[in-house]
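Geometric and topological summary
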Amino acid sequence: MEGIAEYGPTYASYLGGAERIIYTADPGLIQYVLQKNQKNFGKSRLQTKVLSRFAGKGLLTVEGDYWRQQRRLIQPGFHKEKLSGLVKIMLSVIDEQLDLLEAKFEKQSVVNISEEMMEMAFQIVARSLFSTHTEAQDLRDLSDNITDIQRFVIKQVRQPFKIPWYYLSGQFRSADQTAVHTKKILQEFIDFRRSETGEHHDLLDMLLSARYEDTGEGMTDTQLVDESLIFFSAGHETSANALAWTWYLLAQHPEVITKIKAEINDVLGDRPPGFMDLPNLSYTMQVVQESLRLYPPAWIMDRIALSDDEYEGVKIPKGTMIFPFIYGVHRLPGYWENPDEFNPDRFDKSKMKERPAFSYLPFGGGPRMCIGVNFAYMEMQLVLIQTLRRMSFQLVNKEDVIPQPLITLRAAKGIKMRKV
Ligand code: HEM
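Residues numbered from 1 in each chain as written. Predicted model: local features only at pLDDT ≥ 70, side-chain atom pairs only at ≥ 80, totals over all residues. Heavy atoms only, no water.

A few words now on the coordination of the iron atom of the ligand. Geometrically, a metal with four donors at the corners of a regular tetrahedron has ideal angles of 109.5 degrees, and one with six donors at the corners of a regular octahedron has ideal angles of 90 or 180 degrees. Exactly one donor from the protein chain reaches the iron atom of the ligand: Cys 370 (SG), at 2.3 Å. As for its placement among the helices and strands, Cys 370 is situated in the loop between α16 (349–352) and α17 (373–388). (Donors = N, O, S within 2.8 Å, 3.2 Å for Na, K, Ca; no water. Helix = DSSP H or I, 4+ residues; strand = E, 2+ residues; numbered from the N terminus.)

Right under this line is the structure:
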């Protein structure tokens, strides 16, 4: 944010004197890169090479015709109505995780809510994909492996100069083996499903039944494994961090909790939420949106210019790396009144129309916008509702909570809470 205050919303620098880099919090330039002229901006090496080596070739990490073909195939499965079957699955995971959380609070007065939400979000993605595969040990192996892979990717981002050392010391080989093992577990889950009968209304059913328009064929097992692994990489840590930041904000705004509880009472009374209730729980949704504005888990994005380009006088030579700075856009004073203030009312429907394009983009924008956006909104609404019916939290380490911008925006030392 200091850069924006000093140089304006777009500024350029050179990496090691060679590669040109543009950081931008200008919604116009971001729209140009992600939407209007998106054909000229590819994904960076981090996603297409580093991540895809371990997390596979799925929607997030592929480009060009193959991406287009996969997006067209998978997109219908993420339409709102298609997700309705997941509400029941999500509710049962959330209730189980809250039982565990309550039991934990009986043994210890303080918990790290960042870790709890990581487990919650992992279980939600895992069971939304593989609803019938609930063996705790299998899911634990999967979770440990995916965490190890993510840690290794983060290490490469934080300390790229150590990459030769990672090769020499066998860390790449070890991460490759973890990736192979992870894919083996996913393959077993898929084999198991093929042996089952009936419909399960989960994401794996959707992936298995999707057919390419031209051939009428479905995906191969390798594709199924890769796409499911990508859902974990893209949809686990992002949602977990978003939820942890939401609890951080709510702990400091009891008046917002009171309003959410009133809405739960009005819309649901004592019954569990159903899919049709979600649009009526609009204040809860506004809280989620406002939390994603202040702490967007995907705080920065990255693209690379494929040929020389120009936007309103800003030269963008071929090879320029462009970093749309989402956190910065979400706090631009010209676009947001009192930008640092947590105020869910700013997402009230009547105010939404005034907002300029690309001034709010926690899920990115243009054709590569997050495919899991409706999934994530639904998941966050349900976690907030079910948790607040049972407990709320008091923040223990306010002065310690410092946003740490790694691949996703997380709290460096976690967010520690007492139950109230
Ligand atoms: C709060 C939670 C989430 C946030 C903030 C988030 C954010 C994003 C962003 C910013 C992108 C665009 C990346 C780019 O263009 O470079 C993206 C892509 C993607 N996200 Fe999410 N995401 C979330 C949850 C999820 C969930 C739950 C899933 C799946 C279950 C998911 C699956 C994906 C996939 C597959 C892509 C790649 C789409 C494509 O390129 O076609 N995300 N996400």
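Alright, that's what it looks like, and here's the rest.
A few words on helix α9 (residues 171–195). Between its terminal C-alpha atoms α9 stretches 36 Å, which fits the 36 Å expected from 25 residues at 1.5 Å a residue. Every buried residue of α9 is listed here: Phe 172, Ala 175, Thr 178, Ala 179, Thr 182, Ile 185, Leu 186, Phe 189, Ile 190 and Arg 193. (Expected span 1.5 Å × (residues − 1). Buried < 20%, exposed > 50% of the residue type's maximum accessible area, 1.4 Å probe, protein only.)

When two helices pack together, their arrangement is given by the angle between the helix axes and by the axis-to-axis distance. Axis separation between helix α4 (residues 64–74) and helix α11 (residues 221–235) bottoms out at 13 Å; the angle between their running directions is 80°. Of the possible angle classes, the one that applies to α4 and α11 is roughly perpendicular. Here Tyr 66, Gln 69, Gln 70 and Ile 74 of α4 lie close against α11, whose contacting residues are Gln 223, Glu 227 and Phe 231. Each residue belonging to the contact of α4 with α11 can be placed in one class, and the counts come to three nonpolar, three polar and one charged. (Axes fitted to C-alpha atoms, helices over the stretch in contact; angles between N-to-C directions. Parallel < 35°, antiparallel > 145°, perpendicular 65-115°, else oblique. Contact = heavy atoms within 4.5 Å. Nonpolar A, V, L, I, M, F, W, Y, C, P; charged D, E, K, R; others polar.)

This part takes up the site of the ligand. Neighbouring the ligand are 24 residues; Trp 67, Arg 71, Arg 303, Arg 368 and Cys 370 lie closest to it. A distance of 2.7 Å is found between an oxygen atom of the ligand and a side-chain nitrogen or oxygen belonging to Arg 303. A distance of 2.9 Å separates an oxygen atom of the ligand from a polar side-chain atom of Arg 368. At the level of secondary structure, the elements contributing two or more residues to the shell around the ligand comprise α4, α11, α12 (237–251) and α17. The element that contributes the greatest number of residues to the shell around the ligand is α11, accounting for three residues. Looking at the shell around the ligand residue by residue, the classes come out as 14 nonpolar, six polar and four charged. (Near = heavy atom within 4 Å. Polar contact = N/O pair within 3.5 Å; in protein donor to acceptor, adjacent residues only side chain to side chain.)

Once that is clear, we can look at the side chain of Arg 293. In this structure, Arg 293 sits in helix α14 (residues 282–294). A polar contact is formed between the side chain of Arg 293 and the side chain of Glu 290, at a distance of 2.8 Å. In contact with Arg 293, not counting residues within four places along its chain, are His 330, Arg 331, Trp 336, Pro 339, Glu 341, Arg 346, Phe 347 and Tyr 360.

What follows deals with the sheet that holds strand β9 (residues 393–395). Pairing is antiparallel across the open sheet formed by three strands, whose spatial order is β4-β12-β9. Looking along the sheet, the strands with just one partner apiece sit at the ends: β4 (110–112) and β9. Within the sheet, the average angular offset between the axes of one strand and its neighbour, ignoring direction, is 40°. Strands in contact with helix α5 (residues 86–107) are β4, β9 and β12 (416–419); relative to β12, the strand with the most contacts, it is inclined by about 85°. (Pairing = 2+ DSSP bridges.)

Enumeration over the complete set of coordinates arrives at 20 salt bridges. Here Arg 390 and Glu 102 are joined by a salt bridge, their closest N and O atoms 2.8 Å apart. A residue pair is termed long-range when its members are at least 10 positions apart, and Arg 390 in the loop between α17 and β9 and Glu 102 in helix α5 qualify at 288 residues. Judged by relative accessible area, Glu 102 falls into the partly exposed class, the value being 23%. Within this structure, Arg 193, Glu 196, Asp 202 and Asp 205 form a network of salt bridges that share partners. (Salt bridge = Lys/Arg side-chain N within 4 Å of Asp/Glu carboxyl O.)

What follows deals with the environment of Val 225. Among the structural elements, Val 225 can be located in helix α11. The residues contacting Val 225, other than those within four sequence positions of it, are Lys 183, Leu 186, Gln 187 and Ile 190.

Turning our eyes to something else, we now look at the packing of aromatic side chains. Evaluation of the coordinates by the stated rule reveals 21 aromatic pairs. Geometrically, the ring pair formed by Tyr 32 and Tyr 311 is tilted, given 5.3 Å between the ring centres and 40° between the ring planes. Of the two residues, Tyr 32 is situated in helix α2 (residues 27–36) and Tyr 311 in strand β6 (residues 309–311); the sequence distance between them amounts to 279 residues. Assigned by exposure class, Tyr 32 and Tyr 311 land together as buried. One aromatic cluster is present, formed by Phe 54, Phe 152, Tyr 167 and Phe 172 through successive ring pairs. The residue whose ring lies beneath Arg 331 is Tyr 295, and the NZ or CZ to ring-centre distance is 5.4 Å. Over the aromatic face of Phe 347 sits the side chain of Arg 355, whose NZ or CZ is 4.9 Å from the ring centroid. (Phe/Tyr/Trp six-rings, centres within 6.5 Å; stacked < 30°, edge-to-face > 60°. Lys NZ or Arg CZ within 6 Å of the ring centre and 35° of its normal.)

Glancing now at the nonpolar core. Ranked by internal contacts, the top residues of the largest apolar core, which has 113 residues, are Ile 74, Phe 78, Ile 113, Phe 232, Trp 247, Leu 250 and Ile 415. With 11 residues, α17 is the largest single contributor of residues to this core. Discounting chain neighbours no more than four positions away, the residues touching Phe 232 are Phe 122, Val 125, Ala 126, Leu 129, Phe 130, Leu 142, Ile 146, Gln 150 and Leu 186. Among the nonpolar cores identified, the runner-up in size contains 12 residues, and Val 50, Phe 172, Ala 175 and Ala 179 belong to it. (Core = buried A, V, L, I, M, F, W, Y, C linked by side-chain atoms within 4.5 Å.)

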